[in-house]
Amino acid sequence: MPRVLALLALLALATGCAAVRLARYAVRPDAPSFQDGAVRVLDGLRAPVEVAQRPDGLWRIAASHETDALLAQGYLQARDRLAQMDLFRHLARGELAAWIGNRAFGDRTTLDVDRLNRFLGFREKAVLLYERTSKEERAALDAFVQGVNRWIDEQHLPLEHRLLGVASVRAWTVFDSLSIYQLLQYGLASNADREIRRLAIACAAGLEALERIWPTDFEFASHALPDADLRAQWYPSPPAVLPELAAELPARCAEGRADGFDPLDAASAPLRGRAPPGLVALADALGSGWSASNNWAVSGAHTASGRPILSSDPHLPHANPPLVWGVELSVGEARVAGFTFPGLHRIVFGHNGHVAWGATTNHVDRQDLLVLRGRRIEPDGVPIQGYELDETFVPFEMRTEVFAVRGGDPVRMTVRFTRDGPLVNDLEPFAARRIPLTALHGAPLGRGADLDAARLMTRARTAAEFEAALDLLDLGCASWVFADAEGSIAFRSPCLVPIRSGWRGTFPAPGWSRRFAWHGFLPKSELPSSTNPARGWLASANGPVVPAQRFPIPYNNDASAPLRFLRIAERLEAEIARGGLTAEASAAIQLDARYPQWPGLRAELAELLCRTGDAASDPLAGARARLCAWDGRMEPDSVAATLYVLWTHAILDRALADELPGGAGSELWRWVQSLLQFEANVAWLWSRPEEAVVWDDARTLARETRQTLLEAALADAVAAGRARFGSNLESWRWGRVRPFALKHPFASQGGGLGALLNSEAAPAPGDTETVFKQQFLRSDREAMQPIVGPVVRLTVDLGDPWAATYCLAGGESGWPGSPAYGNLLDDWRRGRGRPLTPPPSPQDVRVRFMPRAGTR
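Let me sum up the structure you'll find in this document. (Residues numbered from 1 in each chain as written. Predicted model: local features only at pLDDT ≥ 70, side-chain atom pairs only at ≥ 80, totals over all residues. Heavy atoms only, no water.)

### Side note on the sheet that holds strand E28 (residues 834-835)
Then, number 1: Sheet architecture is open: six strands sit in the order E24-E6-E7-E26-E27-E28, paired in antiparallel fashion. Strands with a single pairing partner mark the edges of an open sheet, and in this sheet they are strand E24 (537-540) and E28.
Then, number 2: Note: strand E27 (residues 805-808) against E28, two bridges, orientation antiparallel. Counted as the bridge partner of Thr805 is Pro835 from E28. (Pairing = 2+ DSSP bridges. Helix = DSSP H or I, 4+ residues; strand = E, 2+ residues; numbered from the N terminus.)

### Points about helix H7 (residues 135-153)
In an α-helix, one turn spans 3.6 residues, which is why side chains three or four residues apart end up on the same side.
Then, number 1: Between its first and last C-alpha atoms H7 spans 26 Å; for 19 residues at 1.5 Å apiece the expected length is 27 Å, and the two agree.
Then, number 2: Among all positions in H7, only Glu137, Ala140, Leu141, Ala143, Phe144, Val145, Gly147, Val148, Asn149, Trp151 and Ile152 are buried.
Then, number 3: Backbone geometry just downstream of H7 places Gln155 in the positive-phi region, at approximately 60°. (Expected span 1.5 Å × (residues − 1). Buried < 20%, exposed > 50% of the residue type's maximum accessible area, 1.4 Å probe, protein only.)

### Topic: the packing of aromatic side chains
Then, number 1: This structure, assessed with the given rule, holds 32 aromatic pairs.
Then, number 2: Measuring from centroid to centroid gives 6.2 Å for Phe218 and Trp684, while their planes differ by 25°, and the two rings are stacked. Of this pair, Phe218 sits in the loop between helix H11 (207-213) and helix H12 (243-258) while Trp684 is found in helix H23 (residues 679-686), placing the two residues 466 residues apart along the sequence. Neither residue differs from the other here; Phe218 and Trp684 are each classed as buried.
Then, number 3: Judged by centre distance (4.8 Å) and plane angle (40°), the rings of Phe466 and Phe482 are tilted. Highlighted residues: Phe466 in helix H15 (residues 463-470) and Phe482 in strand E20 (residues 479-484), separated in sequence by 16 residues.
Then, number 4: Three or more aromatic residues link up through ring pairs in this structure, and these residues are Tyr595, Trp598, Trp630, Tyr644, Trp647 and Trp686.
Then, number 5: Directly above the ring of Trp671 sits Arg197, whose terminal nitrogen or CZ lies 4.4 Å from the centroid.
Then, number 6: The ring of Phe772 carries Arg793 above its face, with NZ or CZ at 4.6 Å from the centroid. (Phe/Tyr/Trp six-rings, centres within 6.5 Å; stacked < 30°, edge-to-face > 60°. Lys NZ or Arg CZ within 6 Å of the ring centre and 35° of its normal.)

### Describing the pairing of strand E29 (residues 845-850)
Then, number 1: Sheet topology note: the strand E1 (residues 38-41)/E29 ladder contains four bridges and is parallel. Within E29, the position partnered with Arg40 by the bridge is Phe849.
Then, number 2: In terms of strand pairing, strand E2 (residues 49-53) meets E29 through five bridges, oriented antiparallel. Across the sheet, residue Ala52 finds its bridge partner in E29, namely Arg846.

### With respect to the environment of Ala334
Then, number 1: Here Ala334 lies in strand E10 (residues 334-340).
Then, number 2: Residues Ala334 and Arg459 lie 125 residues apart in sequence; the distance between their C-alpha atoms is 7.8 Å.

### Overview of unusual backbone geometry
Then, number 1: For the bond running from Asn320 to Pro321, omega is 5°, close enough to zero to count as cis.
Then, number 2: Locating Pro321 in the fold gives a position in the loop between strand E8 (315-317) and strand E9 (325-331).
Then, number 3: We note that Asn532 has phi near 50°; this positive angle belongs to a residue other than glycine.
Then, number 4: Here Asn532 is to be found in the loop between strand E23 (529-531) and E24.

### Digging into the side chain of Arg197
Then, number 1: Mapped onto the elements of the fold, Arg197 is located in helix H10 (residues 192-205).
Then, number 2: A relative accessible area of 6% means that Arg197 is categorised as buried.
Then, number 3: Excluding residues within four positions of it along the chain, Arg197 makes contact with Trp214, Trp671, Val672, Ser674 and Leu675. (Contact = heavy atoms within 4.5 Å.)

### Topic: H12
Then, number 1: Between its terminal C-alpha atoms H12 stretches 24 Å, which fits the 22 Å expected from 16 residues at 1.5 Å a residue.
Then, number 2: At Leu249, H12 shows its strongest bend, of approximately 55°, with the proline Pro250 following within four residues.
Then, number 3: Looking at H12, one finds that the buried residues are Leu245, Glu248, Leu249, Arg252, Cys253, Glu255 and Gly256.
Then, number 4: Tucked inside the fold, the buried residues of H12 contact H10, H11, strand E13 (367-371), strand E14 (374-375) and strand E22 (509-510). (Bend = angle between axes of the 7 residues up to and from the residue.)

### Overview of the nonpolar core
Then, number 1: Counting 231 residues, the largest nonpolar core has Trp480, Leu627, Trp647 and Phe849 as its most contacted members.
Then, number 2: Ignoring anything within four residues of it in the chain, the contact list for Trp647 reads Trp598, Leu605, Leu608, Leu609, Leu627, Trp686, Leu710, Ala713, Leu714 and Ala717.
Then, number 3: With 16 residues, the next largest nonpolar core counts Val298, Ala541, Ile568 and Val771 among its residues. (Core = buried A, V, L, I, M, F, W, Y, C linked by side-chain atoms within 4.5 Å.)

### Let's talk about the pattern of salt bridges
Then, number 1: Across all of its chains, the model carries 70 salt bridges by this definition.
Then, number 2: Across the pair Asp30 and Arg162 runs a salt bridge whose closest N-O atoms are separated by 2.9 Å. Separated by 132 residues along the polypeptide, Asp30 in the loop between helix H2 (17-27) and E1 and Arg162 in helix H8 (residues 159-164) bring together distant segments of the chain.
Then, number 3: For Glu248, the salt bridge goes to Arg373, with nearest N and O atoms at 2.3 Å. Here Glu248, found in helix H12, pairs with Arg373, found in the loop between E13 and E14; they are 125 residues apart in sequence, far enough to count as distant. Taken individually, Glu248 and Arg373 each receive the classification buried, so the pair is uniform in this respect.
Then, number 4: What you see here is one network of salt bridges that share partners, running through Glu66, Glu136, Glu137, Arg346, Asp452, Arg455 and Arg459. (Salt bridge = Lys/Arg side-chain N within 4 Å of Asp/Glu carboxyl O.)

### Some points on the pairing of E27
Then, number 1: Sheet topology note: the strand E26 (residues 792-797)/E27 ladder contains four bridges and is antiparallel. Pairing of Arg793 across the sheet is with Cys807, part of E27.

### Thoughts on the sheet that holds strand E15 (residues 386-389)
Then, number 1: Read across the sheet, three strands follow the order E14-E15-E16 without closing on themselves; strand pairing throughout is antiparallel. The open sheet has two edge strands, E14 and strand E16 (392-395), and neither has a second partner.
Then, number 2: With two bridges connecting them, E14 and E15 associate as antiparallel partners. When the sheet's bridge partners are listed, Gly374 is paired in E15 with Tyr387.

### Considerations on the packing of helix H21 (residues 639-655) against H23
Then, number 1: In contact at an axis separation of 11 Å, H21 and H23 are set at 80° when each is read in the N-to-C sense. Between H21 and H23, the crossing angle belongs to the class labelled roughly perpendicular. Packed against H21, whose contacting residues are Tyr644, Trp647, Thr648, Ile651, Leu652 and Ala655, the element H23 presents Val682, Leu685 and Trp686 at the interface.
Then, number 2: Broken down by class, the residue content of the contact of H21 with H23 amounts to eight nonpolar, one polar and no charged. (Axes fitted to C-alpha atoms, helices over the stretch in contact; angles between N-to-C directions. Parallel < 35°, antiparallel > 145°, perpendicular 65-115°, else oblique. Nonpolar A, V, L, I, M, F, W, Y, C, P; charged D, E, K, R; others polar.)

Bear in mind that shape data such as this cannot, by itself, settle questions of function.
In structure tokens form, the structure reads like this:
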């Protein structure tokens, strides 16, 4: 019946070939399936491979040779996720317009997205990375790619390709996988998008206003590493805004506004509709950095099993299917299980029976913006052709690429490059006329040993071996927490960390002098680390790793607020005091939906929230009472949770947006908030004291205080809630006003396509900075749609590692109608863990892959 209803909806809402294809699929999905006991020939194998699909949809692969196991993995991953892999490939290689045409893409177009990713050079860096990878690891990646192409050769096109009218999928290459890896690592390279927004604010409202809207130097008090692991020496904090730039900024801003360069002849590429919002959100989240993830490890001295326990829940863009894919690999006696990204061949989060590991974004700053003094070699009225460097004119290098456009003619686009990198003005349309001429400089590829590091990580038998593998990572910048069965727990954060001379890195530097260039990279032996701390646990959750004053150079600029870390620490300490952490208790912490700062805030705001009075004379009485009684838990049935979020929106508008031209209704304010990382500003604002200038409304002559602004903002919040949800406060429950559904990138607006591709909307706990994170963009005030959260949860007790559990936000398969499409979502919502590596069962579907006769 659901398929019949979907068919009727499709016929009512759509016409044409795509609608017919979709309707046929809705009635009779042809998701690929195996028969138990089947034998399949798989070209390229050296020996037979045993494969089993478990009842939960995940795969078990057993082989005699690692390359055979990875070939089978490539085949199965493509079988499940080829459409998703192809989407990632087109994004990373700057070929999205060739796939779906030139469409409006949020504030940009698909060609704008292509221009950014193409000129950031992910394809070229992929080639270099492959060349620098060892012969052994190249063979492993080659085998995976060969398996992907074995599936492509079978011409069983996913539904997405059929709807797009794609007749065949081009062969996969190693450079496709490595371009995806480069895209992911760019998103982890840190704070260029925040620097761009700060620069635009400074040009629009001035440097003083910038410090009240998005401060360049805010520092949170808590940090992830124990005090015993910090340096004894204290270091002065360098300035964020250099005097040399401050003096020239007005002139440089004017120069940027007057620059007439246009990288694209828009007339040659007419728009053909809008891209689905879900695809826009996915691309933005992948490219602009991830602000989330949790992990922790607890020493066996504080666990019930006497061995370390590790929990990890990477927070990634939500999608249906999810952005991770699970597998268990056995090669001889070696065994490893966990999750990877579609398109990649090594497990990223998991365990091998000896070591368990997880990673979080650490916001180590490996990107900088350099403001230029533009120079013309021709009269005014033409674009600026060069820039000044140490009093010498340097012409821009002009790089041109040709972009295919589905349904249109190819388009040539040109971007100006400096010696440090491309001009942001030529890559970011919204920023182009709002900032000075500005170059983007990023960390280099380094040794190119990241793939070899991934191989050795999966093979490590001790924490020391795992640490040695991590040391090879130059791009994979993250906070790794890991533990081994021998009892060690550790934290490492390896990558190339640039050394700046005399400036912080949270605001651009003058690009007209080499005095502000990087001075090499910090030796990895000097990076923050911890092994077996006395407190018995380690955790990271994207907040500060070390205090700025206890490290010789700026380390993790623009880190997230440490709210999730503080809540995790509180829960871990409570379990340790109770007698020892269990795996079940560790997994339960991942479901925590309480704002840790609320009890303190409520005490501070008791006079505002807990006053008694006549409800008839106080229109805010109902809201005050609910917030006064609230325990800070973002649960689906909580009215106070909704009030808190609406109140925070209004506080942001009154305290910060008043500094901008146009205020809270301006396009600039919406753009400023359109980053996941903007959420740190909320925690910073809540921590401002009563007398802070940020509470004063710049538009009035009176001096507002924190108390008066919060009172006015609460009235704004209640008015906004009544306009949207009605006058009955009981209908404002968090799960009702913000239900959660997993949405396919092509079907985020619902309709007939959404009925087939999306999960049903249902209440879910959590919010932007709870441990159970369900983050939305602050620019999305209407839907507050969660776009980032824990796509998978993993808990491993190294006393019995093969009893590890997981929750997956969705399912293994990307084929709607498959039993493994979205089948695990309800378990994920409720926190019901499943065995990551269950023993063989009669419900398994077992298949044998055989080499072609005559090969080995």
